[in-house]
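What the coordinates show
Listed here are the chains, written in short residue letters.
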Amino acid sequence: NTDSVLPAGGACVRFVAYAAERAPDVNVGKPSRELARLLVRLYALDPRRTLMVGDRCNTDVAFGRSVGMRTLLVLSGCHTLADALNGPAECFPDFVLPSLDDLAAHHC
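Below you will find a few notes about this structure.

Calculation notes
- Residues numbered from 1 in each chain as written.
- Predicted model: local features only at pLDDT ≥ 70, side-chain atom pairs only at ≥ 80, totals over all residues.
- Heavy atoms only, no water.
- Patch = residues over 30% accessible without salt bridge, like charges linked within 9 Å, V, L, I, M, F, W, Y side chains within 5 Å.
- Areas by Shrake-Rupley, 256 points an atom, 1.4 Å probe, with all protein chains shown as cover.
- Salt bridge = Lys/Arg side-chain N within 4 Å of Asp/Glu carboxyl O.
- Helix = DSSP H or I, 4+ residues; strand = E, 2+ residues; numbered from the N terminus.
- Buried < 20%, exposed > 50% of the residue type's maximum accessible area, 1.4 Å probe, protein only.
- Core = buried A, V, L, I, M, F, W, Y, C linked by side-chain atoms within 4.5 Å.
- Expected span 1.5 Å × (residues − 1).

Quick notes on a nonpolar patch on the surface
A cluster of nonpolar residues, Leu75, Leu81, Leu85, Phe92 and Val96, forms a patch on the protein surface that exposes about 400 Å² of accessible area. Checked against the element boundaries, Leu85 lands in helix H4 (residues 81–86). For Leu85, a relative accessible area of 54% puts it in the exposed group.

Details of the nonpolar core
One finds Leu35, Ala36, Val40, Met52, Phe63, Val67 and Met69 forming the largest nonpolar core, which totals 7 residues. At 3 residues, the largest contribution of residues to this core is made by helix H2 (residues 33–42). By size, the runner-up hydrophobic cluster in this structure holds 6 residues, among which are Cys57, Leu73, Ala84 and Cys91.

Some words on helix H1 (residues 9–20)
Owing to its 3.6 residues per turn, the α-helix brings residues three or four apart onto one side. For H1, spanning 12 residues, the distance from its first C-alpha to its last is 17 Å, which sits close to the expected 16 Å at 1.5 Å a residue. At the exit of H1 stands Glu21, carrying a positive phi of roughly 60°.

Digging into helix H3 (residues 57–65)
Burial within H3 is extensive, with 7 of its 9 residues counted as buried. Along H3, the residues that are buried comprise Cys57, Thr59, Asp60, Val61, Ala62, Phe63 and Gly64.

The following block contains the structure:
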């Protein structure tokens, strides 16, 4: 249901932190650089040859850029091209496509 509004991961962390009466020791949700580094290490990724694809500039694109990955913003989700153009540099994607279908059309 696209009319529903659900809290994201960060909001849920705040619920738990409030209930526990303390801040978390580590937050590893996107765009956590620590999480990106862990994934690069665990999966032996070469960030220069890895493409982070997502529909949010402030999480997906920032996540990939935090460790030197190339980034692709797909416009079929949350953010628009205007959001990317008007956002901070760390949230600016290397590539933009209307959808993942367009990625397949370019590379298959």
